[in-house]
Amino acid sequence: MEREQMLQLTGFQPVGDVGRGLLLGFPAEAEVLSGFMKDGLTLRLYGDAATGKQIKAMNKQLKDDARLNGKVSIAADAETPGVAGVVTISAAGEGDINSLYRNAIDAVEKLFREEGINPVPNCPICEQTGGDTLVHFDGPLCVVHMTCLRNWKNAREEEVALKAHNGGHMRGFIGGFIGGVVGAAPAFIALMLTNYFVGLLFALIPLGTFYGWKLAGGKLDRITTIFVVLYSLVVGVFVEIIDSWLVLREALPAFNPSLWYTIQVYLNPAHRWHDLFFRHLLMALGFTLLGIFISWSMIRKTDKHELADNQAAFDEAIPLSQLTRDR
Ligand SMILES: [Zn+2]
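Undergrad: What is the right way to read the overall build of the protein from this model?
TA: From N to C terminus, the protein includes eleven helices and nine strands. Computed over C-alpha atoms, the radius of gyration of the protein comes to 27 Å, more than 25% over the 20 Å expected from 2.2 N^0.38 for 327 residues, which places it beyond the range of a compact globule. Here the C-alpha coordinates of the protein stretch approximately 85 × 50 × 35 Å along the principal axes. By the burial criterion, 32% of the 327 residues in the protein qualify as buried.

And the structure:
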C-alpha cells in the first residue's frame, strides 16, 4: 500500500510518513505497513489502554468475523503511552481494501464499545472538554485547545529563559549533588542490611542525580549530561568503598581500620582482600554504567531539545476543522 492510498482510506492529514486524524472519536495515527511480504496499514488509536485480556478477547472476535477474512488484528502498545490499541489491517492478496477497511472499522467500533474503551475526553492541559486541535502532547496523540497549547509552549520557553537568569548551572549542581546521594541510598541500604550486592539499585544513582538537577531548576544542557555521568560513577564507587570500610571495621574490631586503610586495600594488589574488593568495585561501576545506559535518552535531553520538540509538536498540530471524517 502507498501512503496516498492510506490517506485516502482514512481521511487523515499527512504528517511525514504517517497520517493523523480522528477515528471513531479517538485521536489516531495511520502508518503503511512496510517490510518483507508485508502490505496494509496500522491504525494506532489513543485512549484508555486495553488490557492484555481485552486484547485477547477482541482478537478472538476479529478472527471469527467472516467479513474480515482473518486480515484484521489488534495489539497493545506498551512502549507508547496512552495507546488504546494498534489495529493492523493486512491488504495482502485478493479482495477489496475499501470494504475490508470499512468492515474493520465497524468491528473495532463494536468491540471498543463492548469493552468500554474510550478516547480521553478532556484537554490534558486544562482538563476541560471542547478541544479543537490534534497534537502529540507529552507522549500521546490527543485533542487539546489551541490556546492552551500556545500558552503552555510560551510558559515552557519562559521557564527555560528564567533558568539561565537564575544562576544557570549552580542550582543544578546542588540539586544533582543531593539527588545522587538520595539515589545511592537504596543500593547502600541493601549492601548494609543484606551484605548482598543488589546491582540494579546502582542504576538509581544517575536517575537520582538527573532528577535532583532538574527539580532544583538547573539549566539542562551538555554540562548536565557530563555531570550526571561523572558524578554517578563517583557516587557508585564511593558507595562500594564505604560499604567495604564498614565490613572491614566489623571484621577487624581491634584494628579499627580507617577509611584511608580501606582505600589502600583497593590500591594495593598484594593485599589479600584486594581482588575481592576490586571485583565488587568493578561490579558497582558496571551497574552504575548500566543505569546511565538505561536512562541515557532522559539524561541527554537538554532544554534546547525540549523546546525544539515542543516547537515541532506545535508545528505539526492539526486543527480539528481540517478533519472532515472520523471513520
Ligand atoms: Zn485546554
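There is more to say after this.
Undergrad: How should the domain arrangement of the protein be read in this particular structure?
TA: A common way to state how big an interface is: give the accessible area lost once the parts meet. With domains assigned, the protein is organised as domain 1 (3–122) and domain 2 (166–294). In this structure, domain 1 and domain 2 have C-alpha centres spaced 47 Å apart.

Undergrad: Sorry if this is basic, but what is going on with the packing of helix H5 (residues 170–194) against helix H7 (residues 222–251) here?
TA: For any two helices packed against each other, one specifies the inter-axial angle together with the distance between the axes. Relative orientation of the contacting elements H5 and H7 amounts to 35 degrees, with a least axis distance of 9 Å. Where H5 crosses over H7, the handedness of that crossing is right-handed. When H5 is examined against H7, the residues Gly172, Phe173, Gly176, Gly180, Ala184, Ala187, Phe188, Leu191 and Met192 are found in contact with a partner set consisting of Thr224, Phe227, Val228, Tyr231, Ser232, Val235, Val239 and Asp243.

Undergrad: Just checking my understanding: could you explain helix H11 (residues 303–316) for this structure?
TA: Since the α-helix packs 3.6 residues into each turn, any two residues three or four apart lie on the same face. Its 14 residues place the ends of H11 20 Å apart at the C-alpha level, agreeing with the 20 Å of an ideal helix rising 1.5 Å per residue. Along H11, only zero of the 14 residues are buried, which leaves the element largely exposed.

Undergrad: Looking at this model, I keep getting lost on the sheet that holds strand S7 (residues 133–136). Mind explaining?
TA: Remark on secondary structure: sheet strands pair via backbone hydrogen bonds, oriented parallel or antiparallel. Spatially, the three strands line up as an open sheet ordered S8-S7-S9, and their pairing is antiparallel. Pairing within the sheet leaves two strands with one partner each, and these edge strands are strand S8 (141–144) and strand S9 (318–319). Pairing geometry for S7 and S9, over two bridges, is antiparallel. By the bridge assignment for S9, Leu134 is matched with Ile318.

Undergrad: I keep staring at the sheet that holds strand S4 (residues 40–46) and nothing clicks. Help me out?
TA: Judged by pairing direction, the sheet is antiparallel, and its six strands sit side by side in the order S1-S2-S3-S4-S6-S5 without closing on themselves. What marks the edges here is a single partner per strand, and that holds for strand S1 (13–15) and strand S5 (72–75). The sheet shows a mean angle of 25 degrees between the axes of neighbouring strands, direction not considered. As defined by bridge partners, S4 adjoins strand S6 (residues 83–90) across seven bridges and the pair is classed as antiparallel. Looking at S6, one finds that Arg44 is bridged to Val86. Its contacts with the sheet place helix H2 (residues 52–64) against S5 and S6, and it is angled at close to 180 degrees to S5. Here helix H3 (residues 97–115) sits on the sheet in contact with S5 and S6, set at roughly 150 degrees to S6.

Undergrad: Before we go on, may I ask you to explain the packing of H2 against H3 in this structure?
TA: Look at H2 against H3: their axes get within 11 Å of each other, and the N-to-C directions meet at 145 degrees. Handedness of the H2/H3 crossing: right-handed. Here H2 contributes Gln54, Met58, Gln61 and Leu62 to the contact with H3, which in turn contributes Ala107, Leu111 and Glu115.

Undergrad: So what exactly am I meant to see when it comes to the environment of Gln61 here?
TA: Structurally, Gln61 is set in helix H2. Here Gln61 falls in the partly exposed class, since 14 other C-beta atoms lie within 10 Å of it. For Gln61 and Leu111, which are 50 residues apart along the polypeptide, the C-alpha to C-alpha distance reads 8.3 Å.

Undergrad: Would you mind showing me how to read the nonpolar core here?
TA: Side chains of a nonpolar character, in soluble globular proteins, are inclined to be buried together. By size, the foremost hydrophobic cluster in this structure holds 41 residues, and its most contacted members are Ala28, Leu45, Tyr46, Val87, Ile89 and Ala104. Considering each element in turn, this core owes the most residues, seven residues, to H3. Tyr46 has contacts with Phe26, Pro27, Ala28, Gly82, Val83, Ala84, Pro140, Leu141 and Cys142, leaving out every residue within four places of it along the chain. Grouped together as the second largest cluster of nonpolar side chains are 21 residues, Ala187, Phe202, Tyr231 and Phe287 included.

What counts and how
Residues numbered from 1 in each chain as written. Predicted model: local features only at pLDDT ≥ 70, side-chain atom pairs only at ≥ 80, totals over all residues. Helix = DSSP H or I, 4+ residues; strand = E, 2+ residues; numbered from the N terminus. Rg over C-alpha atoms; globule rule 2.2 N^0.38 Å. Buried ≥ 20, exposed ≤ 12 C-beta atoms within 10 Å, placed from the backbone. Domains from an automatic or database assignment. Axes fitted to C-alpha atoms, helices over the stretch in contact; angles between N-to-C directions. Left-handed = near helix turned anticlockwise from the far one by under 90°. Contact = placed C-beta atoms within 7 Å. Expected span 1.5 Å × (residues − 1). Pairing = 2+ DSSP bridges. Core = buried A, V, L, I, M, F, W, Y, C linked by C-beta atoms within 7 Å.

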